[in-house]
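# Close look at the chain arrangement
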Amino acid sequence: MGQVSLGSAEIVDQAVRSARAAFESGEWSKRTPAGRKEAMFAWIALLEAHAEELAALDCVDAGKPITECRENDIPAALETLRWHAEAADKVFGKVAPTGPEALGVITKGPIGVVGAVLPWNYPAAIFAFKVGPALAAGNSVIVKPAELTSMSAYLMVKLAHEAGIPESALLLVTGRGEDTGKPLGLHTDVDVVSFTGSTAVGRKFLEYSAQSNLKEVVLELGGKSPQIVFGDYYNLDEVVDNVLESAFLTMGQNCTAGSRLLVEASVKDELLDALMTQLRQWKIGDPADSQTQIGPMIEQAHFEKVLSYIHGASDEGATLIYREADENTFPDSWLVGPTIYADVTPQMSLFQNEVFGPVLAVTTFESEEEAIALANNTAYGLAASVYTSDLRRAQRVAASIKAGTVSVNGYSEGDISAPFGGHKQSGFGGRDNGLEAFDQYTQIKTVWYVN
Ligand code: NAD
């Protein structure tokens with residue numbers, strides 16, 4: 001497909017020096033917010049003209065189904081950038097409620113040099129989650145995409161420069177985590193690292209910060225999100241569509257994947273039958289085919305990890321109820337067919353660990369209290385869904401679930417207007433999306449005028 005540079009600590013240092021110089025020069029940081037907005041709009045227009053190419057890059061790089069890239073990821077990336085560009089001149093400071101003897105002005109300004117460290121599952125979309133608000137707020141941004149998916153980031157940065165965004169206000173460093181991500185995390189002149197990725201690597205960024213300059217660290221990490229289905233759902237087909245999309249979108253390589261189905265015992269059989277009937281329609285195969293819904297795992301090591309969870313679940317005593325295709329169905333590929341295990345208990349690995357593959361773990365419950373306890377019985381807290389016709393129950397359960405986003409009667413991460421992030425070990429330090437995203441990339445300053 002092409003060559004991607006393996007960035008070293010020296011390359012990262014050059015990028016940081018350049019970003020710092022740009023920030024101090026004010027060529028971007030001191031441009032008026034409306035001016036930054038205009039420059040970002042010019043960039044977005046170029047990105048729109050290259051939307052099909054961006055979709056193709058994410059498809060071939062990540063093996064994501066082309067239809068998903070075309071209809072979800074790239075439109076989401078563009079909408080995110082547009083929304084934050086539009087907000088650039090609408091983020092206000094405050095005036096403190098002083099008496100007449102003083103005037104306290106509280107401003108929100110850019111922090112300085114931002115490192116954005118990205119995962120491989122939504123390459124263009126998560127690029128936009130970070131770069132949109134960070135640039136709109138006036139920072140200099142260094143993007144470090146996942147080594148497996150650098151292509152769309154490369155094109156997006158190139159087009160930003162063509163659109164007139166200063167080269168040193170938006171820089172790209174590519175390479176592996178240890179070679180390129182670590183020096184960025186340890187650099188003493190980076191002010192913030194906004195990280196999306198695994199919980200294990202998120203911990204490292206906290207260490208890097210502690211070992212260097214106490215840079216701010218924002219972590220968007222993994223999940224093991226529950227989908228709770230009560231027996232009083234009003235439309236089985238809708239529940240089925242949502243449960244399947246939540247579990248198997250992007251082959252389950254999705255941080256908010258609803259990978260645990262908690263179903264009321266009385267409707268278990270009806271729901272599972274309907275799920276499996278519908279799942280048989282899903283097309284598995286070449287991600288470049290517009291009909292494909294399940295493409296391959298991102299790389300061989302990940303493919304093997306997902307298979308080891310599948311084999312381990314059987315060993316632990318879970319009941320395999322659906323596996324349309326096993327590793328022999330598509331030899332010489334990294335395709336894993338959607339897989340469902342029933343009788344999964346909280347002690348099992350499949351209940352607790354993020355598989356990041358197309359594997360749904362089913363557990364039954366008898367009461368609302370039990371459903372809530374099961375839902376909260378993992379170290380994660382990113383997202384959850386609750387299906388019920390009882391409004392009061394929906395409110396009680398949503399309030400009791402420890403997760404950053406809870407959807408009632410659907411699967412959603414909200415949209416660009418709503419903050420997105422996790423509770424517990426799914427992350428902390430800030431939110432992507434919404435006006436809250438600006439908090440990651442701005443710092444508050446008080447100027448106190450004494451009369
Ligand atoms: P990862 O943690 O392996 O890698 C993420 C980034 O960190 C990559 O750019 C990688 O090069 C870099 N990295 C890896 N090791 C590093 C190190 N030692 N030092 C510095 N940088 C290092 O994650 P991934 O496999 O790319 O993505 C999958 C994970 O991301 C899953 O856990 C998923 O849940 C999570 N994720 C979370 C969200 C969210 O918003 N909460 C969104 C998407 C993905």
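Refer to the structure presented above.
Residues numbered from 1 in each chain as written. Predicted model: local features only at pLDDT ≥ 70, side-chain atom pairs only at ≥ 80, totals over all residues. Heavy atoms only, no water.

## Observations concerning the nonpolar core
Core analysis: the largest hydrophobic core is formed by 112 residues, its most contacted members being Trp 43, Leu 135, Leu 170, Ile 228 and Leu 261. Take this core: its biggest share by element is 10 residues, from helix 5 (residues 123-136). Excluding its chain neighbours within four sequence positions, the residues that come into contact with Ile 228 are Leu 262, Phe 365, Ala 371, Ala 375, Ser 385, Val 386, Tyr 387, Val 397 and Ile 401. With 18 residues, the next largest nonpolar core counts Val 12, Val 16, Phe 195 and Tyr 208 among its residues. (Core = buried A, V, L, I, M, F, W, Y, C linked by side-chain atoms within 4.5 Å. Buried < 20%, exposed > 50% of the residue type's maximum accessible area, 1.4 Å probe, protein only. Helix = DSSP H or I, 4+ residues; strand = E, 2+ residues; numbered from the N terminus. Contact = heavy atoms within 4.5 Å.)

## Quick look at the pairing of strand 2 (residues 102-110)
In this sheet, strand 2 lies alongside strand 1 (residues 94-95) in antiparallel orientation, the contact comprising two bridges. What sits directly across from Val 95, in strand 2, is Val 105. In this structure, strand 2 lies alongside strand 16 (residues 442-450), joined through nine bridges in antiparallel fashion. Bridge pairing links Gly 109 to Gln 443 in strand 16. (Pairing = 2+ DSSP bridges.)

## A closer look at the side chain of Gln 227
Looking at where Gln 227 falls in the secondary structure, it is placed in strand 8 (residues 226-229). On the basis of relative accessible area, Gln 227 is assigned to the buried category, the value being 0%. Within the local environment of Gln 227, its side chain forms a polar contact with the backbone oxygen of Val 243, the two atoms lying 3.2 Å apart. In this structure Gln 227 touches Asn 242, Val 243, Ser 246, Ala 247, Gly 258, Arg 260, Leu 261, Leu 262, Ser 385 and Tyr 387, once residues within four positions along its chain are discounted. (Polar contact = N/O pair within 3.5 Å; in protein donor to acceptor, adjacent residues only side chain to side chain.)

## Looking at the layout of surface pockets
Of the pockets and cavities examined, the largest pocket occupies roughly 750 Å³. The set of elements that each furnish at least two residues to the lining of the largest pocket consists of helix 7 (177-186), strand 6 (192-196), helix 8 (199-211) and helix 11 (300-316). In terms of residue class, the lining of the largest pocket is built from 14 nonpolar, eight polar and nine charged. Roughly 620 Å³ of volume is contained in the second largest pocket. In terms of lining residues, the second largest pocket is bounded by 28 residues, among which Ala 76, Tyr 122, Phe 129, Glu 413 and Gly 414 are the most central. Only helix 4 (66-87), helix 5 and helix 9 (236-248) provide two or more residues apiece to the lining of the second largest pocket. Of all the elements, helix 4 adds the most residues to the lining of the second largest pocket, at seven residues. The residue makeup of the lining of the second largest pocket, split by class, is 12 nonpolar, eight polar and eight charged. (1 Å grid on protein atoms, 1.4 Å probe; cavity = no way out; pocket = protein on both sides within 12 Å on 5 of 7 lines; lining within 4 Å. Points joined across faces, edges and corners; volume = space filled by probe spheres on them. Nonpolar A, V, L, I, M, F, W, Y, C, P; charged D, E, K, R; others polar.)

## Here's the deal with the sheet that holds strand 6
Spatially, six strands are ordered 5-4-3-6-7-15 in an open sheet, and the strand pairing comes out mixed. Each end of this open sheet is capped by a strand with a single partner; those strands are strand 5 (170-172) and strand 15 (427-428). Both strand 3 (residues 113-117) and strand 6 contribute to a ladder of four bridges, which runs parallel. Bridged to Ala 116 within strand 6 is Ser 194.

## Notes on the site of the ligand
Around the ligand sit 30 residues, and of these Leu 118, Glu 147, Ser 198, Leu 221 and Glu 354 come closest. Glu 178 places a polar side-chain atom, nitrogen or oxygen, 3.5 Å from a nitrogen atom of the ligand. Between Tyr 208 and the ligand, the recorded distance is 2.7 Å, taken from a side-chain N or O atom to a nitrogen atom. When atom positions are compared with the pocket grids, the ligand is found to occupy the largest pocket. Those elements giving two or more residues to the shell around the ligand turn out to be helix 7, strand 6 and helix 8. (Near = heavy atom within 4 Å. Sits in = over half its atoms within 2 Å of the grid points.)

## What to know about the pairing of strand 14 (residues 405-408)
Only one face of strand 14 is buried, namely the one carrying Thr 405 and Ser 407, since none of Val 406 and Val 408 on the opposite face is buried. Bridging between strand 13 (residues 383-387) and strand 14 involves four bridges; their strand directions are parallel. When the sheet's bridge partners are listed, Ser 385 is paired in strand 14 with Ser 407. Read from strand 13 through helix 14 (residues 391-400) to strand 14, the crossover connection turns out right-handed. (Right-handed = clockwise from strand over helix to strand, strands pointing away.)

## Regarding a nonpolar patch on the surface
A grouping of Val 95, Leu 103, Val 447 and Tyr 449 is seen on the molecular surface, where their side chains present a nonpolar patch of about 350 Å² in accessible area. Along the chain, Val 447 turns up in strand 16. Accessibility expressed as a relative area gives 30% for Val 447, which makes it partly exposed. (Patch = residues over 30% accessible without salt bridge, like charges linked within 9 Å, V, L, I, M, F, W, Y side chains within 5 Å. Areas by Shrake-Rupley, 256 points an atom, 1.4 Å probe, with all protein chains shown as cover. Salt bridge = Lys/Arg side-chain N within 4 Å of Asp/Glu carboxyl O.)

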